[in-house]
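The lines below spell out each chain.
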Amino acid sequence: MPTDKETDWIYRESTKKLLMRLLLGGCAISVLLELTVLKRGGKFGVDGWFGFYALLGFVSCTLMIFAAKGLGLWLKVSTNFYEQNKTNDNNPPPKKNIAKKAAKKSTKKKIAKKATRKVTKKREGGSR
Amino acid sequence: MTVHPALVLILGALLVPLFKGRAKSIYVILLPLLALLAVYALPLGNFFNVSWLAGFGEMTLLRSDKLAKAFGFIFTINATAAFIYAFYLRDNTQHVSALMYIGGALGAVFAGDLITLYIFWEIMAIASTMLILARRSKRSYGAAFRYILVHIIGGLFLLAGIVITFNYSGSIDFKAFDPETGRHAGTWLILLGFLVNAAAPPFSAWLSDAYPEGTITGSVILSAYTTKTAVYTLIRGFPGWEILMVVGCVMALYGIIYALLENDMRRILAYSIINQVGFMVCAVGVGTAICLDGAVAHAFCHIIYKSLLWMSAGAVLYRVGMSKCTELGGLYKSMPWSLWLGTIGALAISAVPLTSGFTSKTMILYGAADEKLFIPWLILEIASAGVFLHAGIKFPYFVFFAKDRGHRVQEAPKSMIGGMLILAFFCIFIGLFPGPLYSILPHAQNVTAFALDVVDVDGHVHHFTAWKFAKVVTQMQLLLLSALTFFVWIKWLKRTDTIVLDTDWLYRRGGRLFYRGADRFLNTANEKTHRFFIVKFIGWIGRFTKSAPSRILVMVMTPFWRARGLEENDLLEKQQAFYEDARLGAFPIGRAAIFAVILLGLLYILG
């Protein structure tokens, strides 16, 4: 595990913290600068409120991220989604599945055989 | 002498195979430069009027006005930068297709009538398909096939609309259709044809499906022309059609949500095109002079920064050979030029002050606010914040920073850097001095380095200034808080190796599902019908014809037998014996004669 000093400066925790502070500072400055705007008052009233655009930026982006995340649960599929469907349609299912099913069947058969053997042994034992 | 800029490229394309090596690359750079000169030298007016379609009147192959010239300038400037970027490439297929495609776009923009527009529209569709096919991969073949199918349908909408419109108005002139009196089946079909090319949902999936499958330079070129030609046609034909405001707002938000979900960097940029075109379409829907000029200015700037972003992504694809965010990262050291130039494009698309996007997007927002259209204005402001989220930060962050995947590659070739430098220069220059851009806008007057006056149809003068302290402050608030949101919720934005289902599902998977459903439904119906009619019904008919006469006769005879005093058991025996006689056809002659008389009597009465 490389130490903080060995990693590239951009990936260092200290750099990340610094960049985050700079971003927060920038946000604060942009909001505070609005105090110096003499002519405030938008076309709709609400856009003239102090910090309206900052609030709009944060809230709308948060909502968009959540909306995307929610839709992603429904809309995201594997990268070969369309190719998979093609093979299922035109060809028999891939060999892997057949092999798995065969393996499952054989294990089931084996288990059933074992169980019958045990039962017969018990019976045989019991009869003896 | 008046030279049609489209012909420079289309005829020039035919000679490309004659050149070899560097001469070929130089030749394909010179062609769009010549076309740029041709656009610059074009006087205003209509040229090349021909009438070769009997009954359709005169066609105007070249209509030169401020609107067409504005698009002509940016199409040729971008083409020059794109061919400089592609200097390393010596592929005839790509060069010829690209030149034909750009020539088609120029021809559509300078078309004075609907028939000429349609011809160039189809040239564009065919040539652009070749740019996707030129990648020569299985995926690109599939994407190209779907792409051309959608565009054929769009072209058919357009053609049907043109024919119906001609039937209504008796004219093939391509001019603004009145939003109130010009609504009929023809104009709606033309609008639909334009919206297919503008990638408006639900006809948008072709863009995110096909563009990322194009070649490196092919996609750079594709990103600029089809959708922006559609924007031009909407500005020309449908200003003030309110439905476009709704379509534009949907596009702006849809593009962001899908770009946030995507993993492939070129698909992110593809969805970002839809988002940006949404701004322009919405502006056309508002339809005021300032909004229409805003749409033209935004299309101009958009072509530049979007090509720059596609170039940056193309450079990464060229060197690393990968385009998924889950496979990329940590390239900031290996490809610093691609990073910085791409970042300029990312900042410009986000409308950061000092970049081109700020000087054009704010025109549209100003126009929407000036018309007191609160909801469209709010949605476009939200979309502005969202653009920074997905294209401004997400694209450079996940490709060049995020997690170091250990790719140690060379910087992009010098020609690629050269093409990007030209476009990055325009992004900054227009951001600092938007005056030259404003001066080519159709309704602009009294243009200064940072401001212009726009006069509406009703005579209302809008004085628009690119730079205002309050505007810069509020824009920075919006963008910085958007950036903060990205890093606050970064865990939620982690990439997964997935794709996102879009409306192309309907024809890629839905078609197959429909086939399966129809197959199951029709076969089940067939089987049930067979079971009912063939197996049951015919058997029933057989049994009926076999036993019905005897049953009827038994019904007739039973009261007589009862009257003769037969008991129930004897009655049943009598009936069974009767049935048996009927089965064997062994009735005594006397009884048979009675039945025959009864039947004949019935026939006589009923007849």
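Note that this is a predicted model, so its numbers are computed, not measured.

Right, let's get into the overall build of chain A. A tally of helices and strands in chain A yields four helices and one strand. The buried share of chain A, reckoned over its 128 residues, is 10%.

So, on to the overall build of chain B. Secondary structure summary: chain B contains 22 helices and six strands in total. For chain B, whose C-alpha radius of gyration is 35 Å, the value lies well above the compact-globule estimate of 25 Å for 607 residues. For chain B, the spread of C-alpha atoms along the principal axes amounts to about 120 × 65 × 55 Å. Taken across its 607 residues, chain B has 52% of its residues classed as buried. Once local pairs closer than 6 in sequence are excluded, the contacts in chain B between residues at least 24 apart make up 78%.

Our focus in this paragraph is the domain arrangement of chain B. Taken domain by domain, chain B consists of domain 1 (246-502) and domain 2 (510-606). Placing the centre of domain 1 of chain B and that of domain 2 of chain B at their C-alpha centroids yields a distance of 81 Å.

Turning our attention to the confidence of the model for chain B. Mean pLDDT over chain B stands at 92; residues scoring 70 or higher make up 100%. For this predicted complex, the interface confidence comes out at an ipTM of 0.82, alongside a pTM of 0.84.

Each partner contributes to the interface: chain A provides 38 residues, whereas chain B provides 43 residues. Going through the elements one at a time, α1 (13-33), α2 (52-75), β1 (76-78) and α3 (81-90) of chain A are the ones with two or more residues in the side of chain A that touches chain B. The greatest single-element share of the side of chain A that touches chain B, amounting to 16 residues, is contributed by α2 of chain A.

Residues and elements named next belong to chain B. Membership of the largest hydrophobic core comes to 219 residues, with the highest contact counts inside it found for Ile102, Val231, Val281, Ala295 and Leu308. Here this core takes 20 residues from helix α12 (residues 289-320), the largest share from any one element. Beyond its immediate sequence surroundings of up to four residues, Val231 is in contact with Ala198, Val277, Met280, Val281, Ala295 and Ala299.

Two faces make up the sheet, and in a regular strand the side chains alternate between them. One ladder, built from five bridges, connects strand β4 (residues 451-455) of chain B with strand β5 (residues 461-465) of chain B; its direction is antiparallel. What sits directly across from Ala451 of chain B, in β5 of chain B, is Thr465 of chain B.

Our focus in this paragraph is α2 of chain A. Between its first and last C-alpha, α2 of chain A extends 33 Å over 24 residues, near the 34 Å set by a 1.5 Å rise per residue. Three or more residues of α2 of chain A are buried, namely Phe52, Tyr53, Ala54, Leu56, Gly57, Phe58, Ser60, Cys61, Met64, Ile65 and Ala68 of chain A. Against α1 of chain A together with α10 (243-261), α15 (374-400) and α18 (469-488) of chain B lie the buried residues of α2 of chain A.

Another aspect to go through is the packing of helix α5 (residues 114-133) of chain B against helix α9 (residues 216-237) of chain B. Residues and elements named next belong to chain B. Running from N to C, α5 and α9 point in directions that differ by 155°, and their axes come no closer than 10 Å. Considering their axes alone, α5 and α9 lie roughly antiparallel with respect to each other. In this structure, α5 meets α9 at a crossing whose hand is left-handed. In this structure, α5 contributes Met124, Ser128, Leu131 and Ile132 to the contact, and α9 contributes Gly218, Ile221, Leu222, Tyr225, Thr226 and Thr229. For the contact of α5 with α9, the class distribution of residues is six nonpolar, four polar and no charged.

Residues and elements named next belong to chain B. At Ser547, helix α20 (residues 510-563) shows its largest kink, close to 45°, and the proline Pro549 lies no more than four residues downstream. Along α20, only zero of the 54 residues are buried, which leaves the element largely exposed. With its phi angle positive at about 90°, Gly565 sits one or two positions after the end of α20.

The next point concerns the environment of Ala35 of chain B. Residues and elements named next belong to chain B. In this fold, Ala35 is placed in helix α2 (residues 21-41). Among the residues examined, Ala35 registers 29 C-beta atoms within 10 Å and is labelled buried. Every residue in contact with Ala35, bar those within four places of it in the chain, is listed here: Pro5, Val8, Leu9, Thr76 and Leu106.

Moving on, we get to unusual backbone geometry. Residues and elements named next belong to chain B. Residue Pro201 is joined to Pro202 through a cis peptide bond whose omega torsion reads 10°. For Pro202, the position within the fold is in the loop between α7 (185-197) and α8 (205-210). At Leu354, a position not held by glycine, the phi torsion is positive, near 85°. Within the secondary structure layout, Leu354 lies in the loop between α13 (336-349) and α14 (356-370). For Leu354, a count of 14 C-beta atoms within 10 Å gives the class partly exposed.

Below, the discussion takes up the packing of α12 of chain B against α13 of chain B. Residue and element names in this part refer to chain B. One way to put it is that α12 packs onto α13 with a least axis distance of 8 Å and a crossing angle of 150°. In the packing of α12 onto α13, the handedness of the crossing is left-handed. Across the interface between the two elements, Cys301, Tyr305, Lys306, Leu308, Leu309, Ser312, Ala315 and Val316 of α12 pack against Ser338, Leu341, Gly342, Ile344, Gly345, Ala346, Ala348 and Ile349 of α13. The class makeup of the residues in the contact of α12 with α13 is 11 nonpolar, four polar and one charged.

Looking at the element boundaries, Ile499 of chain B is found in strand β6 (residues 498-500). Discounting chain neighbours no more than four positions away, the residues touching Ile499 of chain B are Val77, Thr79 and Phe81 of chain A.

This next bit is on the sheet that holds β5 of chain B. Residues and elements named next belong to chain B. With respect to topology, three strands assemble into an open sheet ordered β3-β4-β5, the strand pairing being antiparallel. Edge positions in the sheet fall to β3 (444-445) and β5, since each has one partner strand and no second. Sheet topology note: the β3/β4 ladder contains two bridges and is antiparallel. Note on β4: the bridge partner recorded for Gln445 is Asp453.

All names here are of chain B. Here β4 shows a clear split, with Leu452 and Val454 buried on one side and none of Ala451, Asp453 and Val455 buried on the other. Joining the antiparallel neighbours β3 and β4 is a turn of five residues, in which Asn446 adopts a positive phi near 45°. Counted along the chain from β4 to the antiparallel partner β5, the turn is five residues long, and its residue Gly459 has a positive phi close to 90°.

In this section: the confidence of the model for chain A. Residues and elements named next belong to chain A. Residues at a pLDDT of 70 or more form 58% of chain A, whose mean pLDDT is 76. Per-element confidence in chain A is highest for α2, whose mean pLDDT is 94, and lowest for helix α4 (residues 95-127), whose mean pLDDT is 57. The low-confidence segment residues 89-96, where pLDDT is below 50, has four contacts with residues more than four positions distant or belonging to other chains.

Rules and cut-offs
Residues numbered from 1 in each chain as written. Chains lettered and ligands numbered in written order. Predicted model: local features only at pLDDT ≥ 70, side-chain atom pairs only at ≥ 80, totals over all residues. Helix = DSSP H or I, 4+ residues; strand = E, 2+ residues; numbered from the N terminus. Buried ≥ 20, exposed ≤ 12 C-beta atoms within 10 Å, placed from the backbone. Rg over C-alpha atoms; globule rule 2.2 N^0.38 Å. Contact = placed C-beta atoms within 7 Å. Domains from an automatic or database assignment. pLDDT = per-residue confidence, 0-100. Core = buried A, V, L, I, M, F, W, Y, C linked by C-beta atoms within 7 Å. Pairing = 2+ DSSP bridges. Expected span 1.5 Å × (residues − 1). Axes fitted to C-alpha atoms, helices over the stretch in contact; angles between N-to-C directions. Parallel < 35°, antiparallel > 145°, perpendicular 65-115°, else oblique. Left-handed = near helix turned anticlockwise from the far one by under 90°. Nonpolar A, V, L, I, M, F, W, Y, C, P; charged D, E, K, R; others polar. Bend = angle between axes of the 7 residues up to and from the residue.

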